[in-house]
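Residue strings, one per chain:
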Amino acid sequence: MNRFGFGTNNTPANNGAAPKGFSSPTSGRIAPPSSGQAQTLFVANSPNNQIALSGCVATNNFPSGSLVIIDDTFVVTTVQSRELSPGQLGLNGSQRSWMQFSLNQSIQVQPYRVNAGNILSSVNMEINFRNKNKGTLIKDPFDQDDVQKHFISVFNDQVLQPTQQLLFDYKSLIFECYIKSIQVMNMTDMESGQQVNNFMSSISAKGILNQKTSINFFSNQQPQVPFKASATRMRPDAIIRPDFKFEDMGVGGLDNEFSQIFRRAFASRIFPPGLIDKLGINHVKGLLLYGPPGTGKTLIARKIGKLLNGSAEPKIVNGPEILSKYVGSSEENIRNLFKDAEAEYKQKQENSSLHIIIFDELDSVFKQRGSRGDGTGVGDNVVNQLLAKMDGVEQLNNILIIGMTNRIDLIDNALLRPGRFEVQVEIKLPDEKGRRQIFDIHAKKMKDNELLGNDIDFDKLAALTKNFSGAEIEGLVKSAASFAINKSIKVGTVANVDIKKVSAMKVSMNDFLMALEEVKPAFGVSEDDLKDTFNGGIIPYSNQINSIIKTGQTFINRIQDPNGNTNLLSILIHGPSGSGKTALASSIALNSQFPFIRMISSAQIVGMSESAKITYIDNAFRDAYKSPLNILVIDQIESLIEYVPIGPRFSNNILQVLKTLITKTPPKNRKLLIFVTTSSHSLVKNLDLLGSFDNDLAVPNLTNINDVSNVLRYLNYGKDDREREYVVNKIGKYLADTPLNIGIKKVLSDIETSKYTDDPLNELAELIVSNNNRY
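Not measured: the values here are computed from a predicted model.

Thresholds, definitions, all that
Residues numbered from 1 in each chain as written. Predicted model: local features only at pLDDT ≥ 70, side-chain atom pairs only at ≥ 80, totals over all residues. Heavy atoms only, no water. 1 Å grid on protein atoms, 1.4 Å probe; cavity = no way out; pocket = protein on both sides within 12 Å on 5 of 7 lines; lining within 4 Å. Points joined across faces, edges and corners; volume = space filled by probe spheres on them. Helix = DSSP H or I, 4+ residues; strand = E, 2+ residues; numbered from the N terminus. Buried < 20%, exposed > 50% of the residue type's maximum accessible area, 1.4 Å probe, protein only. Expected span 1.5 Å × (residues − 1). Contact = heavy atoms within 4.5 Å. Nonpolar A, V, L, I, M, F, W, Y, C, P; charged D, E, K, R; others polar.

Enquirer: Describe empty space enclosed by the protein, with residues and values.
Expert: In total, this model carries two cavities of 30 Å³ or more according to the counting rule given. Considering only enclosed or pocket space, the second largest cavity measures out at about 30 Å³ in volume. As for the second largest cavity, its lining consists of Ile637, Glu638, Ile641, Leu683, Val684, Leu687 and Leu689. Elements with a minimum of two residues in the lining of the second largest cavity: helix 22 (637-640) and helix 24 (681-686).

Quick look at the structure:
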């Protein structure tokens, strides 16, 4: 006879407590518990198999059907048995293991009254063969609904709680059951279909099993209990924790991205496996996160472990760590990452836990095959090995590979097709709402410890931090804290701290504003480069200049219209050298208040090789695609393409790159306005570039004496209007019938030079006349 932790002299007895044809004393309603104080009883073996398999404990100190609590922790139902002496409590081996009691140990037992409304809505239960040898002989899988029905018939109306261990007889097989977690709700709510509470795994949680309880079975030990795939039952070992919330991850501004990741990579893994089988789909194996540095790609991948429920610990690999100088070692390193998943999948098949492998800096290892040119072929072999493991002959359905990269364009195309890294999620720079969330996350400790000033306005800071990544916002918070700390340092020293100031220290709004001067976004506005082109501001010396500014604003309005269809506008701004083309383009760009504004000029790429220049220009355009609204100012395109009139000569490679990028449509939900300046409209036409622009703006020189007068008046030159009028009349007299044609840049230089002469008024007139028509 198979005995379940009781003595050899215990045999079923035909007494009033345990007659032949024994049935659970708890079938039907739970008997009212006895009243009374706690009693000291001693642990004994369960008197027979029938009681041991009923889930009850045997005793003569309480009537059958009583609920008792042992040592204020374990709730069980009693059945009377005269085979036990008064003062004994018969527990089977599994019960003693659960409660960690030994034979003859003294315990405290007292009646327990359970709230009749605490009904078990759902139970997650691990079930395994008690006799492993018999388990290997089972060929046909069990029907979970039939197992549930039989389980409830045996243990109906008993109180179950997490960590509880039960013995269960089904089809003449003995199973060991372990309660993992439970859901408890009121019967009225259960009948109305109201939302139930989260699963609870604490031993203090308790509920009554009844006919409407749903039981989720799963098996972890070998040989596993085989179950038919159900199209109605959720996976009981779901990888997502039921109490998980995205905000718990501490990553702000990525709600939409998380929703996409969950839908594509995890939803199928918590769905009923039978329905997934009917759909004929496999789980997603590869998830690629790409975007600018500092946006939280690595943080997301590392935090994904927080939402997993009992899966294997994620393996985190930095791309370059895979490579080895020894022949074949790099490929072996890839294979080793999959060994655990392969071994478990062979044993458990679809019941295997999820194995996550995280590759950081994916582009550093898995580049396009044939692009390295190192002659070793190691890089190509590593790519081939990963392809084979992800989607080879022996496919695994228990892996999820998460890759992160800043340059998705460098990754081998074969890795990006469905079946491999088929889910590609762009982790963008956070918008204003996202930046507000990130500020809350990084300033939480300051707030909790009451170290934030009352004047802090995170909404304003979120608006001021356009194009800041999550990492840069974290740096901004640290910088603000450093300014606050510095106020507590004693004057004249960096080593002594003013304790009085420390106790009253708070991080103020002014600290954050000073930090904004120190921490700049990598993908923001190149304000200094742009402002240097118009230090004196834009001087509206003629109606034509005002018209250009107005037209530029029209282009701004067109590109930023959320309901518009314009994603790309390229504008050619041409005119004589020194006419103010770059200044106008920069001013219009800065006035747009777009989050990303960048200038590309020959000064930035001087001394670079041709390939380096092409890479620099390409990266500038890639950066411009990272923000929703972007402006690029390409200054003096003839200098960028290295045009020399003698020959003529120019770099055709740079020209073709610029021509392609200027006309290339930005990615979805990205808008780009391009201003290109040139001093040679005819050159642009001859290079067949005019067709690449949507519009062109002509910037004139100063062409009449009134233009000069307006410039002098705008700059408040001289002591009064009489002196300015004197200069204008002098210029008119000198020029006589000669037309005026001089750039604003030269006029401003002449004005500045005249200030340092003995006779500034006459000197200015002479300088302007002498420089007229020279440039």
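Structure's up, so let's keep going.
Enquirer: Just give me the short version of unusual backbone geometry, but keep the residues and values in it.
Expert: In this model, aspartate 71 sits at a positive phi of 50°, which is unusual for a non-glycine residue. Mapped onto the secondary structure, aspartate 71 falls in the loop between strand 3 (67-70) and strand 4 (74-80). Given a relative accessible area of 30%, aspartate 71 falls into the partly exposed group. Located in the positive-phi region is glutamine 636, a residue other than glycine, with phi close to 50°.

Enquirer: Could you give me a rundown of helix 23 (residues 652-663), with the residues and numbers involved?
Expert: Taking 1.5 Å per residue, 12 residues should reach 16 Å; helix 23 reaches 17 Å between its end C-alpha atoms and fits that length. Where helix 23 is buried, its residues contact strand 18 (568-574), helix 21 (610-624), strand 20 (629-634), helix 22 and strand 21 (671-678).

Enquirer: Quick rundown of the layout of surface pockets? Include the residues and the values.
Expert: A volume near 1,300 Å³ is recorded for the largest pocket. Residue lining of the largest pocket: 46 residues in total, with Glu426, Lys428, Tyr625, Lys626 and Arg670 positioned closest to the centre. By residue number, the principal contributor to the lining of the largest pocket is helix 11 (residues 432-442), which donates five residues. Partitioning the lining of the largest pocket into residue classes produces 15 nonpolar, 14 polar and 17 charged.

Enquirer: Hey, could you go over the environment of serine 682 for me, with residue numbers and the actual values?
Expert: Assignment of secondary structure puts serine 682 in helix 24. Accessibility expressed as a relative area gives 47% for serine 682, which makes it partly exposed. Along the sequence, serine 682 and histidine 574 sit 108 residues apart, while their C-alpha atoms lie 9.9 Å from each other.

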